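# Commentary on secondary and tertiary structure
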Amino acid sequence: MAPRLLLIHGYVSNPEAWAPLRRELEDEVGTFAPHLPGYGSEPDPSSYTVEGVAEALDGVVEAVNPDYVLGHSMGALIALQLANRHPGRFRRVGLAGLPVYDTIEEGLRFIGANSITRDRYMRNPGKGHLFCRPVHSLRYLWAPFAHLLKPDYPLPMIVDMFDHTPAAHGGGMAEIVFGGHVPRLTEGLETPIALIHGDADRVTPLEPVVDLARERGWPLRIAHGAGHELTFAQPRGMARWVRERLLAPVDAEAPREEAAPAAAASG
């Protein structure tokens, strides 16, 4: 029986972000990619916190009964909380582009230094969401042109990337991504963890992830030349990492830090 892999998408994203990786793995792994609460037609959780979102996914975990979980960006934090919420349930949890921030100011400073567009969009969660609804309503007018500018982005993902609630927009940013949860979520965690991070990531910094991997003794693959979009922009490299590290036998030895060659990080 093929292993089952639950895929948790990130902030201002949707399950279509996983489509390229799912195609790479379709003959080897059973993959399941739900909408997070507050995205698409899914209702908001009781509270838009890492605990509230993970609780809202309990039904998905029960229905899918996954052997492995892989989360990207904000989804990586949710994956960690799922591992804490369901100890012993998963063979391993994969974290791609994990956001390790102590404060929202730190996060905005890093993102603002790398992307003016993202900085303006994320600077004020309340006002930022005022941009989302009209943009989503007009998506069929602008999406084909956006795909020309972002050819690595799956078009179905682009079409619906702004389809989320105000709670998902504000809570996902302030309460989850910039909530400083990593030390708490990883302390004493017994579920095996594997990390992958691009060294050209302009949204989540690499250095604190390297420090975390060394501190916890977790294997980290650094994808050279890959940005924050590595999960869908480099699907072959991601699929290779899934096979070699995420799905590896739990008792297999793994180095604390791995550097992927450029070929492994290219799609």
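A brief look at the structure comes next. (Residues numbered from 1 in each chain as written. Predicted model: local features only at pLDDT ≥ 70, side-chain atom pairs only at ≥ 80, totals over all residues. Heavy atoms only, no water.)

### Some thoughts on the overall build of the protein chain
The following threshold applies: Under the DSSP-based scheme used, a helix requires at least four consecutive residues in state H or I and a strand at least two consecutive residues in state E, with every element numbered from the N terminus. For each residue, the accessible area found with a 1.4 Å probe, counting protein chains only, is set against the maximum for its type, and the residue is called buried under 20%, exposed over 50%, and partly exposed in between. The contact criterion used is simple: two residues touch if any of their non-hydrogen atoms lie within 4.5 Å. Under the convention used here, a 1.4 Å probe and the Shrake-Rupley method define accessible areas, while residue burial counts only the protein chains that appear.
If you tally the helices and strands in the protein chain, you get 14 helices and seven strands. Out of the 267 residues in the protein chain, the part that is buried amounts to 56%. Pairs at least 24 residues apart make up 76% of the contacts formed inside the protein chain by residues separated by at least 6 positions. Of the roughly 11,700 Å² that the protein chain leaves accessible, carbon and sulfur atoms contribute 53%.

### Comments concerning the nonpolar core
Operational definition: The definition of a nonpolar core used throughout is a set of buried Ala, Val, Leu, Ile, Met, Phe, Trp, Tyr and Cys residues joined through side-chain atoms within 4.5 Å.
Counting residues in hydrophobic clusters, the biggest one holds 52 residues, and the most contacted among them are Leu82, Leu95, Leu98 and Leu195. With eight residues, helix H4 (residues 74-85) is the single largest residue contributor to this core. Setting aside its immediate chain neighbours within four residues, Leu82 contacts Leu6, Ile8, Ala54, Leu57, Val61 and Phe90. Grouped together as the second largest cluster of nonpolar side chains are 20 residues, Leu5, Leu7, Met238 and Leu246 included.

### A few points about the side chain of Thr31
Here Thr31 lies in strand S2 (residues 30-32). The class for Thr31 is buried, based on a relative accessible area of 14%. Those residues in contact with Thr31 that lie beyond four places of it in its chain are Leu5, Leu7 and Arg22.

### A look at the packing of aromatic side chains
Applied cut-off: By convention, a stacked pair of Phe, Tyr or Trp rings (six-membered ring in the case of Trp) has centres within 6.5 Å and planes under 30 degrees apart, an edge-to-face pair has planes over 60 apart, and any other such pair is tilted.
Summed over all chains, the structure comprises five aromatic pairs. Seen in terms of ring centroids, Tyr101 and Phe110 are 6.5 Å apart; in terms of plane orientation they differ by 55 degrees. Their pairing is tilted. Phe110 sits in the partly exposed class, given a relative accessible area of 25%. Centre to centre, the rings of Tyr153 and Phe232 are 5.0 Å apart; their planes meet at 65 degrees, and the pair counts as edge-to-face. Taken together, the residues span a long stretch of sequence, with Tyr153 in the loop between helix H8 (139-149) and helix H9 (155-160) and Phe232 in helix H13 (residues 230-233) at a distance of 79 residues. Judged by its relative accessible area of 12%, Tyr153 falls in the buried class. Grouping aromatic residues by their ring pairs yields a cluster made of Tyr101, Phe110 and Phe178.

### Observations regarding the pairing of strand S6 (residues 220-223)
Definition in use: Here, any two strands with at least 2 DSSP bridges between them count as paired.
Neither face of S6 is left uncovered, since the one carrying Leu220 and Ile222 and the one carrying Arg221 and Ala223 both have all their residues buried. Taken together, the four bridges between strand S5 (residues 193-198) and S6 define a ladder with parallel strand orientation. Following the sheet pairing, Leu195 is matched in S6 by Leu220.

### Some details on the packing of H4 against helix H10 (residues 166-177)
How we decide: Note on method: axes are straight lines fitted to C-alpha atoms, helices fitted across the in-contact stretch only, with angles between N-to-C directions ranging 0 to 180 degrees. Reported orientations rely on four angle classes, namely roughly parallel under 35 degrees, roughly antiparallel over 145, roughly perpendicular from 65 to 115, and oblique for the rest. Should the near helix be turned anticlockwise from the far one by less than a right angle, the crossing is left-handed, and should it be turned clockwise, the crossing is right-handed. When residues are sorted by character, Ala, Val, Leu, Ile, Met, Phe, Trp, Tyr, Cys and Pro go into the nonpolar class, Asp, Glu, Lys and Arg into the charged class, and all the rest, Gly among them, into the polar class.
Closest axis-to-axis distance for the H4/H10 pair is 11 Å, and the angle between their directions is 60 degrees. It follows from the interaxial angle that H4 and H10 lie oblique. Between H4 and H10 the crossing geometry is left-handed. Mapping the contact onto sequence places Met74, Leu77 and Ile78 in H4 and Gly172, Ile176 and Val177 in H10. For the contact of H4 with H10, the per-class residue count stands at five nonpolar, one polar and no charged.

### Thoughts on the pattern of salt bridges
Going by this rule: What counts as a salt bridge is simple: a side-chain nitrogen of Lys or Arg found within 4 Å of a carboxyl oxygen of Asp or Glu.
A full pass over the atoms with the stated rule returns eleven salt bridges. Arg85 is the salt-bridge partner of Asp58, the closest N and O atoms lying 2.8 Å from each other. In this pair, Asp58 is assigned in helix H3 (residues 58-64) and Arg85 in helix H4, connecting sequence segments 27 residues apart. The class of Arg85 is partly exposed, set by a relative accessible area of 35%. Ionic pairing is found between Glu244 and Arg221, a salt bridge with its closest N-O pair at 2.9 Å. Of the two residues, Glu244 is situated in helix H14 (residues 235-246) and Arg221 in strand S6; the sequence distance between them amounts to 23 residues. According to the relative accessible area criterion, Glu244 is partly exposed, its value standing at 41%. Of the residues examined, Arg221 reaches a relative accessible area of 11% and is grouped as buried. Each of Arg4, Asp67 and Arg91 takes part in a single network of salt bridges with overlapping partners.

### So, the environment of Ile158
When you line up the elements, Ile158 lands in helix H9. Ile158 sits 15 residues away from Ala143 along the chain, and the two C-alpha atoms are 6.4 Å apart. The residues touching Ile158, leaving out its near neighbours within four places in the chain, are Trp142, Ala143, Ala146, His147, Lys150 and Tyr153.

Everything listed here is a matter of geometry and, on its own, says nothing about what the molecule does.
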